[in-house]
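Each chain is listed here by its residues.
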Amino acid sequence: MKDYEIVIGLEAHVQLLTQSKVFCGCSTKFGLAPNSSTCPVCLGLPGALPVLNEKAFLHAIKTALALKCRIQDIIKFDRKNYYYPDLPKNFQISQYDKPLAYNGYLEIEHNNAKKKIRITRVHLEEDAGKLMHDPGKGLSYIDFNRTGIPLLEIVSEPDMRSPDEGSAYLQDLKSILQYLKVSDCNMEEGSLRCDANISVRPKGEGSLGVKAELKNMNSFKAVRDALSYEAERQVELLRKGESVVQETRLWNERKGITELMRTKEETHDYRYFPEPDLVPLTVDKKEIEKIKRSLPELPQAKKKRFTALYGLGKYDAGVLTRDMEISNFFEETIKLFDKPKKIANWLSGDIASILNERKTTIGETRFKPAHLAELLELIRAEEISGKIAKEILPEIFRLGISPKEIVRSKGLKQIKDAGELTSVIDDVLRENKKSIDDYKKGKKNALIFLVGQVMRKTKGRANPKIVNEILKKRLDDGG
Amino acid sequence: MPNKKTIDEKTVKHVARLSRINLSKEEVSLYQRQLADILGYINKLNELDTKDTLPTSHPLGNLKNVFRKDTVKKSLSAEDVLKNAPARKDDFFKVPKIIE
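Residues numbered from 1 in each chain as written. Chains lettered and ligands numbered in written order. Predicted model: local features only at pLDDT ≥ 70, side-chain atom pairs only at ≥ 80, totals over all residues. Heavy atoms only, no water.

1. Some words on the nonpolar core
Residue and element names in this part refer to chain A. What counts is decided by this rule: Nine residue types can take part in a nonpolar core, namely buried Ala, Val, Leu, Ile, Met, Phe, Trp, Tyr and Cys, and a core is a set of them joined through side-chain atoms within 4.5 Å. Only protein chains enter the accessibility calculation, which uses a 1.4 Å probe. A residue is then buried if its area is under 20% of the maximum for its type, exposed if over 50%, and partly exposed in between. Two residues qualify as a contact provided that any one of their heavy atoms is within 4.5 Å of a heavy atom in the partner residue.
Counting 74 residues, the largest nonpolar core has I61, L67, I71, L100, V122, I154 and Y169 as its most contacted members. When sequence neighbours within four positions are dropped, the list of residues in contact with L67 reads G104, Y105, L106, I119, V122, I154, L173 and I176. With 34 residues, the next largest nonpolar core counts F306, I354, I392 and I406 among its residues.

2. Some words on the domain arrangement of chain A
Residues and elements named next belong to chain A. Definition in use: An automatic or database domain assignment provides the domain bounds reported here. Summed over both partners, the accessible area (1.4 Å probe) lost when two parts come together is defined as the buried area. Every case where a carboxyl oxygen of Asp or Glu lies within 4 Å of a side-chain nitrogen of Lys or Arg is listed as a salt bridge.
Per the domain assignment, the segments of chain A are domain 1 (4-287), domain 2 (297-410) and domain 3 (418-476). Spacing between the C-alpha centres of domain 1 and domain 2 amounts to 35 Å. Every contact between the two is made by 11 residues of domain 1 and, on the other side, 12 residues of domain 2. At the boundary of domain 1 with domain 2, total buried surface from both sides reaches about 1100 Å², with 54% on carbon and sulfur atoms. Where domain 1 packs against domain 2, one counts two salt bridges. Between E109 and K314 there is a salt bridge, with the nearest N and O atoms lying 3.6 Å from each other.

3. Concerning the side chain of R79(A)
All names here are of chain A. As a reminder, the rule being used: Only runs of H or I of at least four residues qualify as helices and only runs of E of at least two qualify as strands under DSSP, and these elements are numbered from the N terminus. Nitrogen and oxygen atoms within 3.5 Å of one another constitute a polar contact, given that in protein one can donate a hydrogen and the other can accept it, and given that sequence-neighbouring residues count only through two side-chain atoms.
Checked against the element boundaries, R79 lands in strand β4 (residues 78-81). Of the polar contacts made by the side chain of R79, one reaches the side chain of E275; its length is 3.0 Å. If sequence neighbours within four positions are ignored, R79 has contacts with F91, Q92, Y270, R271, Y272, F273, E275, P276 and D277.

4. What to know about the interface of chain A and chain B
Defined as follows: Asp, Glu, Lys and Arg are counted as charged, while Ala, Val, Leu, Ile, Met, Phe, Trp, Tyr, Cys and Pro are counted as nonpolar; the rest, among them Gly, fall into the polar class. At least two bridges found by DSSP between two strands is the condition for calling them paired.
At the interface, 54 residues of chain A touch 35 residues of chain B. On inspection of chain A and its partner chain B, the count reaches one salt bridge. Ionic pairing is found between K69(B) and E54(A), a salt bridge with its closest N-O pair at 2.9 Å. If you look at where chain A meets chain B, you find 19 residue pairs in polar contact (both at pLDDT 80 or more). Going through the elements one at a time, α1 (40-43), β2 (52-53), α2 (54-66), β8 (130-134), β9 (139-143) and β14 (257-263) of chain A are the ones with two or more residues in the side of chain A that touches chain B. Ranked by residue count, the leading element in the side of chain A that touches chain B is β9(A), at five residues. Each residue belonging to the side of chain A that touches chain B can be placed in one class, and the counts come to 29 nonpolar, 15 polar and 10 charged. In this sheet, strand β1 (residues 67-68) of chain B lies alongside β2(A) in parallel orientation, the contact comprising two bridges.

5. What about the sheet that holds β4(A)?
All names here are of chain A. Read across the sheet, three strands follow the order β5-β4-β15 without closing on themselves; strand pairing throughout is antiparallel. The sheet terminates laterally at β5 (91-94) and β15 (273-274), the two strands that pair on one side only. Inspection of the sheet shows β4 paired to β5 by four bridges, in the antiparallel sense. If you follow D78 over to β5, its bridge partner there is S94.

6. Structural notes on helix α8 (residues 324-334) of chain A
Residue and element names in this part refer to chain A. For α8, a buried count of eight out of 11 residues is recorded, marking the element as mostly surrounded by other parts of the structure. The complete set of buried residues in α8 reads M324, I326, S327, F329, F330, E331, T333 and I334. Tucked into the core, α8 has its buried residues touching α3 (163-179), α6 (299-310), α7 (314-322), α9 (340-358) and α10 (369-380). Measuring from the side-chain oxygen of the N-cap residue of α8 to the backbone nitrogen of E325 gives 2.8 Å; that N-cap residue is D323.

Next up, the structure:
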C-alpha cells in the first residue's frame, strides 16, 4: 500500500431544507404514505409547468458562497434524459453546462494539517422517486413522493489522498450545511448522500489511474470503510499485473466489500438540452455581497474563536464546533458556569455517549445548558461526587428536571459531616479487624480498602477525602 | 456545399437505441437520409455570423428570476394519482423490474 497513492473525489447530494418541493407545492415531509405527495408537475403530466422554489434557490446560493464558489452569471436548467422508472417524465431537471456555482473550495484539517479541497461545481436538481424491487417476481414498486425534492449536488476535485481525508471532507461539509441551516444532513433518511470516485497510482506518478465509482455508502463509517477496501482492491490488482476497470461498484455493508454494479462500456448519453419550461436566473453582485454578509459564523471560524477565547485545545474546539447545536449549548453553559474545559469534557464524554445511544441531537432532548451548569456547580461545591453526577445524568435527560432536585429527592447529597460519618466508620472498623492489623503491620493498602468499604456503605455519598482523613487519624491513634 | 450533412448508420442505430426504438434495415437507411436532410437544413444557421451575439438560453429573452414561495399546496390523492398507473400494488406503481 505504501508504494501507492490513493486519489479520491467526492460527489455529495444534499437534500435542501424546504417545506415544498423544488418545482411544485407538494410536501417534502419524510415518511408520508406512498404517492400521497405528488401532483401533475412532479408526475410530469402533460401541460404541467414547473416553477422554481425561491427558498431552495437561496439555500443553494448560500451554500455555494460558504464554499467560496463563484456564482454563474446566467444560471439555467437542463433536462437530463434517461429511461429509468424513478422519474415519470423520463428526464430529470438538472444543470449541465451552467451549474449554479463553480470553482470553490473547502479547507479541511486532518492530522493537524490544513488542506484545501477544491470544489468543481455546485448545482441544483430534482430528486427521483423510490423503487422497491421484488426480484422473485421480476417487479418493481414505485413511490413518487421523493420525486422533485430539491437536491444540491456538490462535486469536489480529486484532491483527497486517503479514506480519512475523504471522511474529514464529508464531515466538514456536513457541519457547514448544518450551520447554514440548509439541510438536516440525515444520512439515514438520505438527506445527505455521497458517491466517490477513487483510483490509485504508483507514488510519484503524475497522471491519474483508472477510477471506480462507489455508491451506496450511508454513513461516515461506510464511506471510510468502502474507500479503504476499494483502494486495497485496486492496489492488489496492479500488484498482480492486472488493470483496474472503469466501473460502478456498490458498497455492501454487510459483507464489507465493494461489488460490481455496472461497467461503463456504453457510457451514458443523457442528451442534455436546456429546460424550456424554466426561465434563466441571475443574481446581481449587490445581492451576492448581501448574502455573503448574512452568512453565519462557520465551523472553522468558530473553532478558531473557541481556542482563542476559551483556551480550549484544537481537539476539544474541533469536537465542540463540528455540531452547531453542541457549540451553542457550550456557549450557553459557559455564561452560567465559567469553566470551559470542564464543560467541554462533559459534552464530548458522557453527554455525547447518551446522544449517540439515543440517536438524537441535544436540541431534541430535555437537557438544557442550565442543567449542565447546575450539575457542574454541585460537583465544584462538593455537594455530589463526579461519580454520582454521571449516574444522575441520564435521569436529567429523561425528565428534564434540575440536578439539585434529583439530588435532594433521592438523598444523594455528599456526606461531609464528620459526625454523620463516624457511625459508618465505626461499623466498618468493627467488621474489618484484619485490615486494621494489616495497616498496623505497614500495609498501607489496607486504608484504601477501608475507605472503599465506607463508600460502599454510603452508596458513594461519603466524601472520600474526609473519610480518608478520619480513618487515617483513627488508625494512627490506635483506633 | 455547406448545407449538406451526412450521418452514418452507426449514429442512426445509436439514436434509435437511446429512444428505445427498433428499426429495420430499410428504416435505418431511410432515417439516415431524413436525419441528414434535417441537420443539413438546420445547418443553414451556421452561415450566420454570430460573433457578437450572446447565446440564447431561453426564448423568452427578458423574462428571468421567476419564483414561487416555499409553501405547501394540496397534492393529488394517491387514488387519483394511481388512475394513471399501468398497474398497481397497494398504493405503489407496479412496473417490470428494470436493471440499469
